[in-house]
Amino acid sequence: MHVRALDLIDRVLDAGSFTAWTGKLPEPDGIEAGYADELRAARDRTGLDEALVTGEGRIHGRRVAVVACEFAFLAGSIGVAAAERLVRAVERASAERLPLVASPTSGGTRMQEGTVAFLQMVKISAAVAAHKAAGLPYLVYLRHPTTGGVFASWGSLGHVTAAQPGALIGFLGPRVFEALNGEPFPSGVQVSENLYEHGLIDAVVPPEQLRDVAARVLEVLDTRPVDGAAVPEAGAGVSAGAGAGAGTAVAVGVGVGVEVEAEVGQPDSSAWESVRRSRDPERPGLRTLLRHGARSVTPLRGTGEGESEPSLRLALARFGAQGSPGAPCVVLGQDRTRQSEYGPFGPAGLRQARRGMRLAAELGLPLVTVIDTAGAALSADAEQGGLAGEIARCLTELVMLSAPTVCLLLGQGAGGGALALLPADRVLCARHGWLSPLPPEGASALLFRTTDRAAEIADRQGIRSADLLANGIVDRVVPELPDAAAEPEAFVQRVAAALEDELTALRGVDPAARIARRLDRYRMLGLPDGYVPGAHSYE
């Protein structure tokens, strides 16, 4: 049932028209010997250098860009190098005003590269959003299987989306679900035909028919003559900094506020220790933060369109140190207490989050997002309700938002439900906060078919606050003395003062420069120091 990337390209493009877009890719830093062996074996087995093939060709004479995953290369997983190739291709398609045809087949994030690989979905989503904002077509063909972060980012953003018949398509891979829940995922849910019945994709199309379907769609969406002689004007409404081409050099810098708060006398903690402490039921969450660290709190409810999600809170508030008037903002965050009472949030929660983003933009207020979740809902209803698409839309809207943004990683940060609220101008993290593509037990099940190595995986994936700071994922770590559960009020007041600092500083930054810097930050995340995309352009 697997369709190879080059075979699909041969079926879809006019004969002999494909030209690969190649170029030197960044090598992951400090990879373990076992992973290096896996990479060599995958290259020998497939004849490819990475899990993604990109290039250009013609469909019925019309010039298009194409990107396609190769599942035989480490399950089509996306790490730093594969993400860089993908983003370069999207940027080149945008710069050359080409429609883009994307065909993922992937298990999601490359677990061997940990949280840095997970964050690559932000820059991929931003690149696709910029391509679409420029008025350029983006077509998606989901192949068997497509799961995880790939489905919850560029796999769910198509203007038109089709899938291979009988394909496994879903946010959570069935092996991980079974390992975490002790039972198999309900049958018949994560299948392309079921997604079609629930309106999550537009068609189920065999690979051999994809060429004619794509040609028919492009006849409507692509207004250029088939010979490509005329190029339409760029679309309106491109966010500042979003239109950078593949050769654009960018500078990385987070720019404002205090970078690190020293934790005098605080011993180093393992990742698993942080995971354990973050799960303490006595740990303060968003409710405590609003009660003791904010003032003028006005709770808001629901999406405004008939849905309400109790596990995600939306409010207007001011954060600040005691005695200060505080900095005003829109707050949206995951409530650990309500998640324990009502269960994890689903698609409606993310639609509620997007309401908060729109409010911030409309009111001209900064947005504070608060991450504290063991993961989004893992259920048939969540899959059929479009959870992956809502994660993708949250990512794109947040990374492109005109308002200043601050993210607070308050506790657990597992999976796409956490990532959906992450990409901000500034990211703060509690000392025992953490961020991971999956709960460590799920990552262990995926890599080793057992949850017994969760602690080992947590350490290897770079999920704890110190690792996130070192990798440029967070900008500031808020101390816990010794952990938040032992000093809840003092801790949330410390957090509130840090939030006031960041919000005040961001309001003084030129909006265009701030948005451009945010996009540059996620564009370059995980790439080696000194790496400039323009210096590694296509051959």
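Below, the structure is looked at part by part. All values reported here derive from a predicted model rather than from experimental measurement.

**Considerations on the sheet that holds strand β7 (residues 160-163)**
Here we have 7 strands laid out as an open sheet, ordered β1-β2-β3-β4-β5-β7-β9, and mixed in their pairing. Every interior strand has two partners, whereas the edge strands, β1 (19-20) and β9 (203-204), have only one. Lying on the sheet, helix α3 (residues 80-95) is in contact with β2 (52-59), β3 (62-69) and β4 (100-103); it crosses β2 at an angle near 25°.

**Considering the pairing of strand β11 (residues 312-319)**
In terms of strand pairing, strand β10 (residues 294-300) meets β11 through 5 bridges, oriented antiparallel. When the sheet's bridge partners are listed, leucine 300 is paired in β11 with leucine 314. Where β11 lies against strand β12 (residues 327-334), 8 bridges are found, and the strand directions are antiparallel. Across the sheet, phenylalanine 319 pairs through a bridge with alanine 327, a residue of β12.

**What to know about the pattern of salt bridges**
Tallying each qualifying case throughout the model produces 39 salt bridges. Notably, a salt bridge pairs glutamate 390 with arginine 393, separated by 3.2 Å at the nearest N-O pair. Residue glutamate 390 and its partner arginine 393 are located together in helix α15 (residues 387-399), separated by 3 residues, close to a single helical turn. Here aspartate 475 ties to arginine 426 by a salt bridge, and the two come within 4.0 Å at their closest N and O atoms. Remark: arginine 426 occurs in strand β15 (residues 426-430) and aspartate 475 occurs in the loop between α19 (465-470) and β16 (476-478); sequence separation between them is 49 residues. As far as burial versus exposure is concerned, aspartate 475 and arginine 426 are alike and both buried. Among the ionic contacts, a cluster of salt bridges with common partners joins Arg426, Asp475, Arg476, Asp501, Glu502 and Arg521.

**Here's the deal with the packing of aromatic side chains**
In the structure shown here, the tally under the stated rule is 1 aromatic pair. With 4.8 Å between their ring centres and 80° between their planes, phenylalanine 177 and phenylalanine 185 make a pair best called edge-to-face. For phenylalanine 177, a relative accessible area of 5% puts it in the buried group. Its relative accessible area of 10% is what places phenylalanine 185 among the buried residues. Cation over ring: arginine 453 sits above phenylalanine 448, and NZ or CZ is 3.6 Å from the ring centre.

**So, the state of the cysteines**
Scanning all chains against the criterion turns up 0 disulfides. Lacking any disulfide linkage, cysteine 407 is separated from the closest cysteine sulfur, that of cysteine 429, by 8.7 Å. Overall, the relative accessible area of 0% leaves cysteine 407 in the buried class.

**Comments concerning helix α11 (residues 286-293)**
Residues of α11 that are buried include every one of Leu286, Thr288, Leu289, Leu290 and Gly293, and no others. Buried-residue contacts for α11 involve β10, β11, β12, β13 (367-373), β14 (405-413) and α20 (488-507).

**Concerning the pairing of β13**
The buried fraction of β13 amounts to 7 of the 7 residues, a majority that puts the element mostly inside the structure. Neither face of β13 is open: one carries Leu367, Thr369, Ile371 and Thr373, the other Val368, Val370 and Asp372, and all of them are buried. With 6 bridges joining them, β13 and β14 adopt parallel strand pairing. Within the sheet, the bridge partner assigned to isoleucine 371 lies in β14 and is leucine 409.

**Notes on the sheet that holds β13**
Read from one edge of the open sheet, 7 strands run β10-β11-β12-β13-β14-β15-β16, paired in mixed fashion. Each having just a single partner strand, β10 and β16 make up the two edges of the open sheet. Geometrically, the sheet is characterised by an average inter-axis angle of 25° between neighbouring strands, direction not taken into account. Where β14 meets β15, 4 bridges bridge the pair, whose relative direction is parallel. Within the sheet, the bridge partner assigned to cysteine 407 lies in β15 and is valine 427. Sitting on the sheet, α11 is in contact with β10, β11, β12, β13 and β14, with an inclination near 25° to β11.

**A word on the packing of α11 against α20**
Running from amino to carboxyl end, α11 crosses α20 at an angle of 75°, the nearest separation of the two axes being 9 Å. When the interaxial angle is binned, α11 and α20 end up roughly perpendicular. Only Glu489, Val492, Gln493, Val495 and Ala496 of α20 make contact with α11, whose side of the interface consists of Thr288, Leu289, His292 and Gly293. Tallied by class, the residues present in the contact of α11 with α20 amount to 4 nonpolar, 4 polar and 1 charged.

**Structural notes on the packing of helix α13 (residues 347-363) against α15**
Two elements in contact, α13 and α15, have axes separated by 9 Å at closest approach and are oriented at 15°. Accordingly, the angle class assigned to the pair α13 and α15 is roughly parallel. Crossing handedness for the pair α13 and α15: left-handed. For the pair α13 and α15, the contacting residues are Pro347, Leu350, Arg351, Ala353, Arg354 and Met357 in the first and Leu387, Glu390, Ile391, Arg393, Cys394, Glu397 and Leu398 in the second. Its residues assigned to classes, the contact of α13 with α15 comprises 8 nonpolar, no polar and 5 charged.

Rules and cut-offs
Just so you know, the residues in each chain are numbered from 1, in the order the chain's sequence is written. Restriction of local features to residues with pLDDT of at least 70 applies here, the model being predicted, together with a cutoff of 80 or more for giving and counting side-chain atom pairs; totals for whole chains, interfaces and linings are based on all residues. Remark: hydrogens and water are excluded; side-chain values derive from all non-hydrogen atoms of the structure. The rule for pairing is simple: two strands pair if DSSP sees at least two bridges between them. A helix here means a DSSP run of H or I that spans at least four residues, while a strand means a run of E at least two residues long, and both kinds are numbered starting from the N terminus. Any two residues whose heavy atoms approach within 4.5 Å are treated as being in contact. Fitting a line to C-alpha atoms yields each axis, with helices limited to the stretch in contact; the angle taken between N-to-C directions then spans 0 to 180 degrees. Salt bridge, as used here: a side-chain nitrogen of Lys or Arg that lies within 4 Å of a carboxyl oxygen of Asp or Glu. In this scheme, a residue with accessible area under 20% of its type's maximum is buried, one over 50% is exposed, and one in between is partly exposed, where area comes from a 1.4 Å probe on protein chains only. Only Phe, Tyr and Trp rings take part, Trp by its six-membered ring, and two of them pair if their centres are within 6.5 Å. Stacked means planes under 30 degrees apart, edge-to-face means over 60, and tilted covers everything else. A ring has a charge above it when a Lys NZ or an Arg CZ is no more than 6 Å from the ring centre and no more than 35 degrees off the ring normal. Note on terminology: pairs of cysteine sulfur atoms within 2.5 Å are recorded as disulfides. Comment on the angle field: the value is read as roughly parallel under 35 degrees, roughly antiparallel over 145, roughly perpendicular from 65 to 115, and oblique elsewhere. Any residue outside Ala, Val, Leu, Ile, Met, Phe, Trp, Tyr, Cys, Pro, Asp, Glu, Lys and Arg is labelled polar, Gly included; the first ten of those are nonpolar and the last four are charged. Crossings are classed by handedness, with left-handed meaning an anticlockwise turn of the near helix from the far one by less than a right angle and right-handed meaning a clockwise turn.

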